[in-house]
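Structural description and commentary
Each chain, written out:
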Amino acid sequence: MTANSWRELLSTGTAQFGMWVASGNSYTAEICAGSGLDWLMLDQEHVPNDLRSTLAQLQAVAPYPIEVLVRPASGDAVVIKQLLDIGATNLIVPMVESADEAAALVAATRYPPNGIRGVGSALARASHWNRTSDYLITADEGISLTVQVESTAGLEALKDIASTPGVDAVFIGPADLAASMGYLGRPHDPVVVEAVERAISDITACGTVAGVNAFDETLARRYIAAGARFVLVGADVTILSSGSDELARRYVVTDKNS
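Residues numbered from 1 in each chain as written. Predicted model: local features only at pLDDT ≥ 70, side-chain atom pairs only at ≥ 80, totals over all residues. Heavy atoms only, no water.

The next thing to look at is the packing of aromatic side chains. Overall, the coordinates contain six aromatic pairs when judged by the stated rule. Aromatic side chains tryptophan 20 and phenylalanine 215 sit 6.2 Å apart centroid to centroid with 90° between the ring planes, which places their arrangement in the edge-to-face category. Of this pair, tryptophan 20 sits in strand β1 (residues 16–21) while phenylalanine 215 sits in the loop between β7 (209–213) and α11 (217–226), placing them 195 residues apart in sequence. The partly exposed category is assigned to phenylalanine 215, whose relative accessible area is 36%. (Phe/Tyr/Trp six-rings, centres within 6.5 Å; stacked < 30°, edge-to-face > 60°. Helix = DSSP H or I, 4+ residues; strand = E, 2+ residues; numbered from the N terminus. Buried < 20%, exposed > 50% of the residue type's maximum accessible area, 1.4 Å probe, protein only.)

Now the structure itself:
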């Protein structure tokens, strides 16, 4: 097993632009994988996506030259083990609020004695069912971990989280952060934007890579200027929603009002 290519890409310092795959659908995931974007995030937190549908998406996007991150609904060690066994190599875990939580997540991605990941490589796609003979020895190095900070409690512990050994990157979630700060539904509020920029600065000062969610292009580029090195700039479901709305505006609404 080779070193983690996503970690190596982040180390170049070049901004990486990605999109959310929130449909839970392998056909849509494959379409997005061929887009020319740098990375995809397959989500389980907010979408109807289970282990089998995530596996199907990993299989669908595998032939494409795009990095893939998988986000579980929580940092449960059993869920993490299952995702790693089906071949996820880059995890992004939501709602991390302390260095202890971050360290526990690192342990969940590592085999003993460095962690607590259960050994089942003979049954796992990740090792090609033990056809990768040195998988147990090399697996830890092949996995990257990004933790999400998206609350005021997380911000208070941000430097400790970002400095946790084994954490490759910290991703700021402005929507949840805005809610935690008392600005529910207003992630573009200047107070929230400034908090995100400070967070990006704090993360990079710790020598850790910072990422952020920013569908608004002006904000995305502002966060890149602040030091973010990977940015989610769209989602399959929002593109479909806005595109179908535009079709309705151009045809249905016009015809009915004429």
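From this point on, the discussion continues.
Of the positions making up helix α4 (residues 77–85), those classed as buried are Ile80, Leu83, Leu84 and Asp85. On its buried side, α4 packs onto α3 (51–61), β3 (67–71), β4 (90–93), α5 (99–108) and α6 (135–138). In this structure aspartate 76 caps α4, since a side-chain oxygen of it lies 2.9 Å from the backbone nitrogen of valine 78. Following α4 by one or two positions, glycine 87 adopts a phi angle in the positive range, close to 115°. (Contact = heavy atoms within 4.5 Å. Polar contact = N/O pair within 3.5 Å; in protein donor to acceptor, adjacent residues only side chain to side chain.)

Attention shifts here to unusual backbone geometry. Cis rather than trans, the peptide bond between proline 112 and proline 113 has omega equal to 5°. Tracing the sequence through the fold places proline 113 in the loop between α5 and α6. Residues other than glycine seldom take positive phi values, yet methionine 95 does so here, at roughly 55°. Within the fold, methionine 95 resides in the loop between β4 and α5. Methionine 95 sits in the partly exposed class, given a relative accessible area of 37%. With a phi close to 55°, tryptophan 129 is a non-glycine residue in the positive phi region. Mapping tryptophan 129 onto the fold places it in the loop between α5 and α6.

Attention now goes to the environment of glutamate 246. Within the secondary structure, glutamate 246 is located in helix α12 (residues 236–257). We classify glutamate 246 as partly exposed; its relative accessible area is 33%. Each C-alpha atom of the pair glutamate 246 and valine 147 lies 36 Å from the other, and the pair is 99 residues apart in sequence.

Let's shift gears to a nonpolar patch on the surface. Judged by side-chain polarity, Val119, Leu136 and Ile137 come together as a nonpolar surface patch covering roughly 330 Å² of accessible area. Note on placement: leucine 136 falls in helix α6. For leucine 136, a relative accessible area of 40% translates into the label partly exposed. (Patch = residues over 30% accessible without salt bridge, like charges linked within 9 Å, V, L, I, M, F, W, Y side chains within 5 Å. Areas by Shrake-Rupley, 256 points an atom, 1.4 Å probe, with all protein chains shown as cover. Salt bridge = Lys/Arg side-chain N within 4 Å of Asp/Glu carboxyl O.)

Turning to the nonpolar core, a few remarks are in order. By size, the foremost hydrophobic cluster in this structure holds 53 residues, and its most contacted members are Val170, Ile172 and Tyr223. Of all the elements, helix α10 (residues 190–205) adds the most residues to this core, at six residues. With residues near it in sequence (within four places) discarded, valine 170 still touches Thr146, Val147, Val149, Leu158, Ala162, Ile203, Thr208, Val209, Ala210 and Gly211. One finds Ala22, Leu69, Phe171 and Leu232 within the second-largest nonpolar core, a separate group that totals 15 residues. (Core = buried A, V, L, I, M, F, W, Y, C linked by side-chain atoms within 4.5 Å.)

Taken by themselves, the reported measurements are silent on function.
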